[in-house]
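# Per-entry structural report
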Amino acid sequence: MSLSESPTIEVKDLKTYFFTKGGIARAVDGVSFSVGRGKVLGLVGESGSGKTVTGFSILGLVDEPGRIVGGEILYRGENLVSASPDRMRELRGVNISMIFQDPMMTLNPVLRIDTQMIEALQAHESISKDDARQRARDVLGQVGIASPDERLRSYPHQFSGGMRQRVAIAIALLNKPDLIVADEPTTALDVTIQGQILYEVQKLCSQTGTALIWITHDLSVVAGLADDICVMYAGRIVEQGSVNSVLDKPMHPYTDGLISSVPSRNKRGVPLAQIPGMAPSLLKLPKGCSFGPRCAHFSNACDSIPDISNYENGRQIRCHNPLGAGTTLRVTD
Amino acid sequence: MSVFIIRRLMQSALVVVIMSFIVFSGVFLVGDPVEILVSDDADQEEREMMIKSMGLDKPFLVQYGIFISKAIRGDLGDSFVFQEPALLLILDRMPATMELAVVALLIAIVFGIPLGVWAGLKPESLASKSIMTGSILGFSLPTFWVGIMMILLFAVVLGWLPSTGRGDVQIILGMPISVFSWDGFSHVLMPAVNLALFKLSMVIRLARAGTREVMHQDYIKFARAKGLKEQRIILVHVLKNILIPVVTVLGLEFGGLVAFSVVTETVFAWPGMGKLLIDSIGLLDRPIIVAYLMIIVFLFVLINLLVDICYSILDPRVRLQDIKS
Ligand SMILES: Nc1ncnc2c1ncn2[C@@H]1O[C@H](COP(=O)(O)OP(=O)(O)OP(=O)(O)O)[C@@H](O)[C@H]1O
Ligand code: SF4
Ligand SMILES: [Mg+2]
């Protein structure tokens, strides 16, 4: 791979653990993926599977009692795991930004929108207040906020949830970052606005070459937006590959379950398939494959933790009995 | 906003009226001032003259009615002892008490907020634990005892600070004020610190609790995600949020400071209205006691009103509701 093609972000065997009173929660346990310029990676999984913690790890924002205990996060080749706090602060908001999951909580309730946007610019460059305000105004317009001048003077509580999320998205876009981690940014929005924002973000990424990690549990969003997909389960990636190949031909029983539980037009009237059981607690993971107790394909081999195996077209599956393995070639390296 | 203020004003007036009744009947119940004021060898006739002249022969409700009708005109009765209007006597001493209370409040804010925020940011550090232990002492040691110990140490043993009185005063805006001269300042310092200790401990605890709560909010993490410097996060994002409860409580507690200064004024012989109250209680000088209590009630009501207004300025969410209502 030549230097110009090297990915914007490359996560290698990342391990982020929470050292709680009840034991060690391995929220992210050996996660690897990479996202190139202008590419979109969909990170999907049930609640508690470690998606948000993965995002926070990339930004160096894992709070106590959590800690990155292993692996590398290479941002344009620079390892962020060993970067100094000052270096991380420099990168955050300019090179790498994040849109948080809950729009109601991400804006400071006692500061005006303009304050919160202008400071994001002034933290990184010497720019006059007026210029900063102008930039803020433009970006607010970009994410579809009408009369941005007036909106800039408002406080967060004067906005609906959807509007707040647009403001948060605007803040993430302000410094034209190379990488955006978007943590379920459209879940709080209604469907039409969701579509509009998805369109805006997608356009932006392809125009500016921004790499995007889009965290969601909504497979239909990923289908329309992402290039690649990572499916997470209990802190590990169980399946990854290009969106089309994974959604067309899921090989991990968990991915298969997720796909069958998405409502679709073709299956009208047929009851939705559900994955039986509940996501396991990270403090009491089952022995062997953590999906084992919920898996219809369980075999004796599943008593040991499956390794990642590589298949054609760059697909990776962590399962002893992958589905349709006969039709997809396994590659050994 | 103006609707809100008018409504609050009417509520305040009601509170003052109700409190006046409680205060008046409360004072009516304790002791008989005649016993103290009339000399032992006075005969029955002299006693009755005395009682009549003070209006104590009339039924309670009539006495209260007279009190109210005069009070509305700003006359809270004459002191039995000084034969002067009680209100004037108290107002005369008010600047001294106010000065003490304001200096104490400033001490509580200027030291309390930084210490509390520090303790909230580093809850596990030794410094933070010492601050919290100190604040427990500030809460639990009785003010008068601490005052006496301070006098012993700083006035008697070390001889650094004077132990009684106001020292040099300067007339500022028509009021005698001590803090602006060195001599006056050295007189205010000890009583003000003594009076401030309790509030200081409270501010520390409030600021610490607020900081700890705010630091865990998503918007702080989001501020970090924007790449803000830690000092901006603390000085703007955290401080502005914790100021709301601190200002509210401190504002409300200012009345408490004035009321509590009774103890400090007595210990340090500070010539304020608290000391006048204690002297008057000893002499059962009812008009002064009633007037003092009414002034305190008035002060509390006024402070509540001002705090509500300040609050609405600090917290945009409150402002909007007021405009709507
Ligand atoms: N502060 C914390 N203390 C202890 N454990 C934590 C903490 N934060 C996260 N975890 C652990 O990390 C796991 C993964 O959390 P994470 O927020 O990444 O899930 P998620 O995939 O984003 O879920 P959701 O879809 O609900 O947002 C949690 O199940 C929890 O066990
Ligand atoms: S390893 Fe076994 S239990 Fe785990 S997903 Fe595959 S088949 Fe199911
Ligand atoms: Mg999450």
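Preceding block: the structure.
Residues numbered from 1 in each chain as written. Chains lettered and ligands numbered in written order. Predicted model: local features only at pLDDT ≥ 70, side-chain atom pairs only at ≥ 80, totals over all residues. Heavy atoms only, no water.

### With respect to the overall build of chain B
Definition in use: To qualify as a helix, a DSSP run of H or I must reach at least 4 residues; to qualify as a strand, a run of E must reach at least 2; elements of each kind are numbered from the N terminus. Here, two residues are considered to be in contact whenever any of their heavy atoms come within 4.5 Å of each other. Surface accessibility follows the Shrake-Rupley procedure with a 1.4 Å probe radius. Residue values consider only the protein chains on display as shielding. Charge assignment: positive for Lys and Arg, negative for Asp and Glu; neither His nor the chain ends contribute. By convention, the point assigned to a charge is CZ for Arg, NZ for Lys, CD for Glu and CG for Asp.
When helices and strands are counted, chain B shows 13 helices and two strands. Taking the principal axes of the C-alpha coordinates as reference, chain B spans close to 85 × 60 × 35 Å. A fraction of 72% describes how many contacts in chain B between residues 6 or more apart in sequence connect residues 24 or more apart. Accessible surface, chain B as shown: approximately 16,600 Å² in total, 70% of it carbon and sulfur. Side-chain charges in chain B split into 26 positive and 27 negative, and the spacing between the mean points of these groups amounts to 20 Å.

### Focus on the site of ligand 2
All names here are of chain A. Short version of the rule: Residue proximity to a molecule or strand is established when one non-hydrogen atom of the residue lies within 4 Å of it. Put simply, the grid is 1 Å and covers the protein atoms alone, a cavity is a trapped set of points that fit a 1.4 Å probe, a pocket is an open set with protein on both sides within 12 Å along at least five of seven lines, and lining residues have an atom within 4 Å of a point. Whether a molecule sits in a cavity or pocket is decided by its atoms, more than half of which must lie within 2 Å of the grid points. Three classes are used: nonpolar for Ala, Val, Leu, Ile, Met, Phe, Trp, Tyr, Cys and Pro, charged for Asp, Glu, Lys and Arg, and polar for all others, with Gly counted as polar.
Near ligand 2 lie 13 residues; those nearest to it are Cys289, Cys295, Cys302, Cys319 and His320. When atom positions are compared with the pocket grids, ligand 2 is found to occupy the largest cavity. By residue class, the composition of the shell around ligand 2 is eight nonpolar, five polar and no charged.

### A short note on the sheet that holds strand 3 (residues 40-44) of chain A
Residue and element names in this part refer to chain A. Applied cut-off: Strands are labelled as partners when DSSP assigns at least two bridges between them. With axes taken as lines fitted to C-alpha atoms, and helix axes fitted only over the stretch in contact, angles between N-to-C directions fall between 0 and 180 degrees.
Judged by pairing direction, the sheet is mixed, and its nine strands sit side by side in the order 6-7-8-3-9-10-12-11-13 without closing on themselves. Only two strands of the sheet have a single neighbouring strand rather than two, namely strand 6 (96-99) and strand 13 (330-331). Relative to the sheet, helix 7 (residues 161-173) contacts strand 6 and strand 7 (179-183), its axis offset from that of strand 6 by approximately 175 degrees.

### Concerning the packing of aromatic side chains
Just so we agree on the cut-off: Ring pairs are drawn from Phe, Tyr and Trp, using the six-membered ring of Trp, whenever the two centres fall within 6.5 Å, and their geometry is named by plane angle: stacked under 30 degrees, edge-to-face over 60, tilted for the rest. Partly exposed residues are those whose accessible area sits between 20% and 50% of the maximum for their type, while under 20% is buried and over 50% is exposed, using a 1.4 Å probe and protein chains only. We count a charge as sitting over a ring when the NZ of a lysine or the CZ of an arginine lies within 6 Å of the ring centre and within 35 degrees of the ring normal.
Considering all chains together, one arrives at 16 aromatic pairs over all chains under this definition. Each ring, one from Phe21(B) and one from Phe60(B), has its centre 6.0 Å from the other, and the planes form 70 degrees; the classification is edge-to-face. Of the two residues, Phe21(B) is situated in helix 1 (residues 2-29) and Phe60(B) in helix 4 (residues 60-72); the sequence distance between them amounts to 39 residues. Take Phe21(B): its relative accessible area is 34%, and that puts it in the partly exposed class. A relative accessible area of 22% places Phe60(B) in the partly exposed class. One aromatic cluster is present, formed by Phe21(B), Phe24(B), Phe60(B), Tyr64(B) and Phe67(B) through successive ring pairs. The ring of Tyr17(A) has Arg26(A) lying over it, and the distance from NZ or CZ to the ring centre is 5.1 Å. Taking the ring centre of Phe159(A) as reference, the NZ or CZ of Arg151(A) above it sits at 4.8 Å.

### Thoughts on the coordination of the magnesium ion (ligand 3)
Residues and elements named next belong to chain A. Counted only if it meets this: Counted as coordinating are nitrogen, oxygen and sulfur atoms within 2.8 Å of the metal, or 3.2 Å for Na, K and Ca, while water is not included, which may make sites look incomplete.
Protein coordination of the magnesium ion (ligand 3) is provided by Thr52 (OG1) and Gln101 (OE1), with donor distances spanning 1.8 to 2.4 Å. In this pair, threonine 52 is assigned in helix 1 (residues 51-59) and glutamine 101 in the loop between strand 6 and helix 3 (103-106), connecting sequence segments 49 residues apart. Given a relative accessible area of 37%, glutamine 101 falls into the partly exposed group.

### Overview of unusual backbone geometry
All names here are of chain A. Cis geometry is adopted by the peptide bond preceding proline 65, which originates at glutamate 64 and carries an omega value of 0 degrees. Phi angles above zero are rare outside glycine, and serine 147 is one such case at about 40 degrees. Here serine 147 falls in the partly exposed class, since its relative accessible area comes to 40%. Unusually for a residue other than glycine, glutamate 184 sits at a positive phi of about 40 degrees.

### Examining the pattern of salt bridges
Residues and elements named next belong to chain A. Spelled out, the test is: Here a salt bridge means any side-chain nitrogen of Lys or Arg lying within 4 Å of a carboxyl oxygen belonging to Asp or Glu.
Counted by the stated rule, this structure contains 18 salt bridges over all chains. A salt bridge links aspartate 114 to arginine 112; the shortest N-O distance between them is 2.8 Å. The class for aspartate 114 is buried, based on a relative accessible area of 3%. Note that glutamate 125 and arginine 135 form a salt bridge whose closest N and O atoms lie 3.2 Å from each other. Highlighted residues: glutamate 125 in the loop between helix 4 (113-122) and helix 5 (129-142) and arginine 135 in helix 5, separated in sequence by 10 residues. Owing to a relative accessible area of 26%, arginine 135 belongs among the partly exposed residues under this scheme. Residues participating in the shared-partner salt-bridge network are Glu78, Arg87 and Glu90.

### A short note on the layout of surface pockets
Heads up, the condition is: Grid points are joined across faces, edges and corners, and a volume is the space filled by probe spheres set on the points.
Of the voids in this model, the largest pocket is the one considered here, and its volume is about 1,200 Å³. If you go around the largest pocket, you meet 35 residues; those closest to its centre are Val62(A), Asp63(A), Glu64(A), Arg224(B) and Glu230(B). Elements represented by at least two residues in the lining of the largest pocket include exactly helix 1, strand 4 (66-75) and helix 2 (85-91) of chain A together with helix 5 (86-121), helix 8 (182-215), helix 9 (218-225) and helix 10 (230-267) of chain B. Estimated volume of the second largest pocket: approximately 620 Å³.

### Digging into the pairing of strand 3 of chain A
Residues and elements named next belong to chain A. Where burial is concerned, most of strand 3 is hidden: five out of the five residues are buried. Taken together, the five bridges between strand 3 and strand 8 (residues 211-216) define a ladder with parallel strand orientation. Note on strand 8: the bridge partner recorded for valine 40 is leucine 212. For strand 3 and strand 9 (residues 228-233), the ladder comprises four bridges, and the chain directions are parallel.

### Quick notes on the nonpolar core
Just so we agree on the cut-off: Definition used in this section: a nonpolar core is a set of buried Ala, Val, Leu, Ile, Met, Phe, Trp, Tyr and Cys residues joined via side-chain atoms within 4.5 Å.
Membership of the largest hydrophobic core comes to 93 residues, with the highest contact counts inside it found for Ile9(A), Phe33(A), Ile58(A), Met117(A), Ile213(A) and Trp214(A). With eight residues, helix 7 of chain A is the single largest residue contributor to this core. With residues near it in sequence (within four places) discarded, Phe33(A) still touches Ile9(A), Glu10(A), Val11(A), Leu41(A), Thr54(A), Ile58(A), Ile213(A), Cys230(A), Ile237(A) and Gln240(A). One finds Ala123(A), Ala119(B), Leu228(B) and Val258(B) within the second-largest nonpolar core, a separate group that totals 64 residues.

### Examining the site of ligand 1
Residue and element names in this part refer to chain A. Short version of the rule: Under this definition, polar contacts are N or O atom pairs within 3.5 Å; protein pairs additionally need one hydrogen-donor-capable and one acceptor-capable atom, and for neighbouring residues in sequence, both atoms have to be side-chain atoms.
Lining the immediate environment of ligand 1, one finds 15 residues, of which Ser47, Gly48, Lys51, Thr52 and Gln101 sit closest. Note that an oxygen atom of ligand 1 is positioned 2.7 Å from one of the side-chain N or O atoms of glutamine 101. For ligand 1, whose accessible area on its own is 630 Å², the fraction buried by protein is 69%. Contributing elements (two or more residues each) for the shell around ligand 1: strand 1 (9-20) and helix 1. In terms of residues, the shell around ligand 1 owes the most to one element, helix 1, which gives three residues.

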